[in-house]
Amino acid sequence: MLKSIIYKEWIKIRLIVLISLGLSLLALINIFLKVRHDILFVDAANYWYSFLFRGSTYFGILKYLPFAIGLAVAIAQYIPETVNKRIKLTFHLPVSENGILIRMHAFGAAVLLSLFLVVMGLFTAGSAIFFPSNIINPSLVTMTPWFLGGMATYFLVALILLEPVWIFRGLYAVVAAGFVTLFYTSASIGAFGPVLPALILITLLLSFVVLFSGYRFRKGEM
Amino acid sequence: MIRISRYILVLTAVLVASIALPAFYWTVFEKVPRSPQVYYSCITGDFIIADGSKRTDPSGKEFTLDEYERALPLLYFRQLMADGEMPDSINGIKLEAPSISRASSFYRYTPRKLKTPVPTLYPMLESQSGKVNLAMPDDYFRIEKRMEFIVAKTNKINGEKSALFTDALIEEGFVFPAKIIAGIPTTRKSVDEGYFVTDSGGSLFHIKMIKGEPYVIRIETEEKLDIVYIEAVDLRSREFYCYVFTQNQGIFVVMDEVYDLQRLPIDGFNPEIHTFRINADLFNKCITVLGENWYQAIAVDDMYKVVGTHYEEWSGLYERAEGKAFAAIFPFEIRMKDDSSAFIRFFFRPSPGYRWIIVNLVSLIIAIILIRRRGWAIGANIADLLIVGFTGIYGLAATQFFPNKFTVNKQPNNK
């Protein structure tokens with residue numbers, strides 16, 4: 001049963017996931033070609049200087065990519081379920097209704113998380129060619145909230161899409177927009193360090209709020 | 001599980017509301033806080049306070065712009081010279097433009113400087129290259145388990161230079177890693193004095209490079225200092241190298257060449273919340289310590305002897321109308337950014353006083369009325385009511401955004 005769910009979910013999101021992976025790779029290639037180019041032109045010592053003392057980052061292009069990917073995966077996975085209320089068919093299977101939704105959602109979250117980890121891993125590997133850990137670590141601290149924001153976007157958009165009543169969709173969207181904005185607050189390099197544990201905790205907790213609108217959907221809330 | 005997921009959403013909404021609503025409130029109603037500039041006049045022998053467009057002395061006597069400039073001839077000597085009003089000498093000392101500007105300096109410390117992400121790599125300039133202009137090196141150093149120089153072009157460690165500096169540090173008793181590294185990492189300064197560094201034991205060192213060789217001095221202090229922040233300065237008078245801020249022992253300057261620590265005559269300075277300013281001229285240094293709604297000004301002569309003090313206080317944020325109204329509406333606020341820190345965090349600020357209890361009670365009553373009108377059981381909404389009771393309008397909005405409708409299915413007869 002789990003295998004069939006995974007297969008069904010994969011069919012829905014595979015195109016989006018592959019496009020996202022492709023875009024991410026393009027962004028990474030762009031970042032490192034540009035770093036190489038700039039180091040040739042302005043000299044490596046000057047390039048390091050502008051990162052260390054002027055706060056200019058070389059990876060800004062990645063900022064809203066996780067948000068867009070989280071949004072796209074959630075839409076690809078949950079819009080088809082709400083069209084004609086198809087998810088009700090799933091809920092009629094002889095399995096616990098919550099259990100099936102948790103599995104669907106866990107699969108989507110796992111795919112998204114793997115994608116993000118691959119991007120961050122490749123980013124770290126590429127950066128290691130040009131920079132020491134003293135530049136890479138603050139860079140990772142700076143971009144971690146962006147990727148966490150992508151996860152939070154996925155969880156909250158799933159919540160919004162499964163909600164059956166339009167007015168509540170709007171209200172959830174207000175909260176979601178307010179919350180996701182926090183991850184993209186502009187700040188100097190490494191400034192998010194102290195708040196990361198709290199943001200990680202809240203994002204983890206948000207991973208199962210889809211059950212709330214899932215419940216309302218099942219109970220046919222109007 | 002589903003109920004818990006609702007409470008996660010409600011609490012997330014409380015968090016978002018307690019950030020967004022106060023931010024909106026302050027955008028509309030916040031007024032520019034007072035931040036007076038205080039100078040010490042060598043003419044009147046008293047302080048002069050410039051606050052906005054108003055200039056007064058401590059007794060409240062107002063100065064016109066011309067009077068103000070004449071009272072501060074060392075600050076406005078260019079203007080006074082242009083007007084032909086510059087005195088030839090003051091206190092028997094002949095005034096000349098070069099000596100005036102050499103002695104003048106200004107420095108400001110804010111708590112934000114203490115709480116800001118700092119780089120862990122710095123360039124070590126050659127301080128006696130024999131050239132007129134300073135030059136950037138092609139490597140950067142870090143002081144972790146040892147002192148290492150990393151060549152930017154190759155991203156590889158220069159082993160020889162690293163060993164040379166590490167050994168020099170060990171010889172002076174440096175305990176790795178470094179805690180604070182403070183210097184002026186730019187070529188735009190009159191002279192290179194390297195870095196002032198504290199080791200993991202809290203001892204203070206001066207490290208620079210002279211003709212490729214390490215120059216390391218351990219700076220002895222009379223008592224152990226809990227140094228929290230150091231800022232190197234490039235004074236044209238070459239009086240001292242840097243300001244040293246301690247948690248509880250006050251502020252020091254490290255005198256040039258001799259490495260004596262001179263304590264500034266300020267007590268009760270808290271680097272976490274207080275701002276510090278110093279205006280130095282040929283005769284005096286005017287030090288100002290600012291809190292949220294007060295300042296203490298201290299003038300010292302060139303031997304750091306106190307020649308005058310002045311204290312002023314004004315009504316704080318929550319004593320003014322906009323702050324009072326805020327504290328009556330919102331029980332607390334959460335900020336992602338705060339003036340006192342460059343880090344992002346959830347800064348929790350409870351509203352002073354208890355006037356917000358009224359709005360919390362009204363919110364609670366509205367919540368109860370809403371529950372009653374929908375025919376839900378109060379017993380099933382205790383947690384909601386507690387959230388509203390504690391978080392006021394944030395909780396009221398949050399609990400309405402995510403309806404607690406589990407009870408309906410269990411008690412359909414109530415409808």
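Residue positions are given per chain, counted from 1 along the sequence in the order it is written. Here the convention is simple: chains get letters from A, ligands get numbers from 1, in the order in which they are written. Totals for whole chains, interfaces and linings use every residue, but because this is a predicted model, local features are given only for residues with pLDDT of at least 70 and side-chain atom pairs only at 80 or more, for both listing and counting.

S.K.: Just to check I follow, could you spell out the interface of chain B and chain A for this structure?
M.R.: Accessible area lost when the parts come together is the quantity often used to give the size of an interface. Residue-level contacts link 33 residues of chain B with 37 residues of chain A. When residues of the side of chain B that touches chain A are traced back to their parent elements, those giving at least two are helix 1 (2-29) and strand 7 (139-143) of chain B. Among the elements that take part in the side of chain B that touches chain A, helix 1 of chain B stands out by supplying nine residues, more than any other. For this classification, Asp, Glu, Lys and Arg are treated as charged, while Ala, Val, Leu, Ile, Met, Phe, Trp, Tyr, Cys and Pro are nonpolar and the rest, including Gly, are polar. Of the residues belonging to the side of chain B that touches chain A, the class tally is 22 nonpolar, five polar and six charged. Two residues qualify as being in contact provided that their C-beta atoms, derived from the backbone, are within 7 Å of each other. Secondary structure elements are taken from DSSP: a helix is a run of H or I of four residues or more, a strand is a run of E of two residues or more, and numbering for both begins at the N terminus.

S.K.: Got a minute to help me understand the packing of helix 6 (residues 133-162) of chain A against helix 7 (residues 166-183) of chain A in this structure?
M.R.: Each pair of packed helices can be summarised by the angle the axes make with each other and by the distance between the axes. Residue and element names in this part refer to chain A. Two numbers describe how helix 6 lies on helix 7: the axes approach to 9 Å, and their chain directions differ by 175°. Looking at the two axes, helix 6 sits roughly antiparallel to helix 7. When helix 6 is examined against helix 7, the residues P145, W146, L148, G149, A152, T153, L156, L159 and I160 are found in contact with a partner set consisting of R169, Y172, A173, A176, F179, V180 and F183. For the contact of helix 6 with helix 7, the residue count by class is 13 nonpolar, two polar and one charged. In this analysis, axes come from line fits to C-alpha atoms, helices being fitted only over the stretch in contact, and the angle between any two N-to-C directions falls in the range 0 to 180 degrees. For this classification, under 35 degrees means roughly parallel, over 145 means roughly antiparallel, 65 to 115 means roughly perpendicular, and everything else is oblique.

S.K.: How should I be thinking about the confidence of the model for chain B in this particular structure?
M.R.: Low pLDDT marks stretches whose predicted atomic positions should not be read closely. Residues and elements named next belong to chain B. A residue-level look at chain B finds 98% of positions with pLDDT of 70 or above and a mean pLDDT of 92. Each residue gets a pLDDT score, which is the predictor's confidence in that residue and runs from 0 to 100. Under a pLDDT of 50 for its full length, residues 408-415 has, in the predicted model, five contacts with residues more than four places off or in other chains. The ipTM value of the predicted complex is 0.93, and its pTM value is 0.92.

S.K.: What's the story with the nonpolar core in this structure? I'm lost.
M.R.: A general trend in soluble globular proteins is that nonpolar side chains are found buried together. Any set of buried Ala, Val, Leu, Ile, Met, Phe, Trp, Tyr and Cys residues joined through C-beta atoms within 7 Å is what this text calls a nonpolar core. With C-beta atoms placed from the backbone, a residue is buried if 20 or more other C-beta atoms are within 10 Å of its own, exposed if 12 or fewer are, and partly exposed between those counts. With 75 residues, the main nonpolar core has F155(A), V209(A) and A13(B) as its most contacted residues. The element best represented in this core is helix 6 of chain A, accounting for 13 residues. Not counting chain neighbours up to four residues away, the residues in contact with F155(A) comprise L206(A), S207(A), V209(A) and V210(A).

S.K.: When you look at the domain arrangement of chain B in this model, what are you seeing that I'm missing?
M.R.: Residue and element names in this part refer to chain B. These domain limits were set by an automatic method or by a database of domain assignments. Taken domain by domain, chain B holds domain 1 (2-31 + 322-414) and domain 2 (109-273). Measuring from the centre of the C-alpha atoms in domain 1 to the corresponding centre in domain 2 gives 48 Å. Counting residues at the interface gives five residues for domain 1, matched by six residues for domain 2. Tallied by class, residues from the side of domain 1 that touches domain 2 come to two nonpolar, two polar and one charged.

S.K.: Help me understand the packing of helix 8 (residues 356-373) of chain B against helix 9 (residues 382-391) of chain B, please; the structure alone is not making it clear to me.
M.R.: Residue and element names in this part refer to chain B. Between helix 8 and helix 9, the least distance of the axes is 8 Å, while the angle of their chain directions is 155°. The orientation of helix 8 relative to helix 9 falls into the category roughly antiparallel. In the crossing of helix 8 with helix 9, the sense of the turn from one axis to the other is right-handed. From helix 8, N360, S363, L364, A367 and I368 reach across to helix 9, where they touch D384, L385, V388 and G389. Taken together, the residues of the contact of helix 8 with helix 9 break down into five nonpolar, three polar and one charged. What makes a crossing left-handed is the near helix being turned counterclockwise from the far one by less than a right angle; a clockwise turn instead makes it right-handed.

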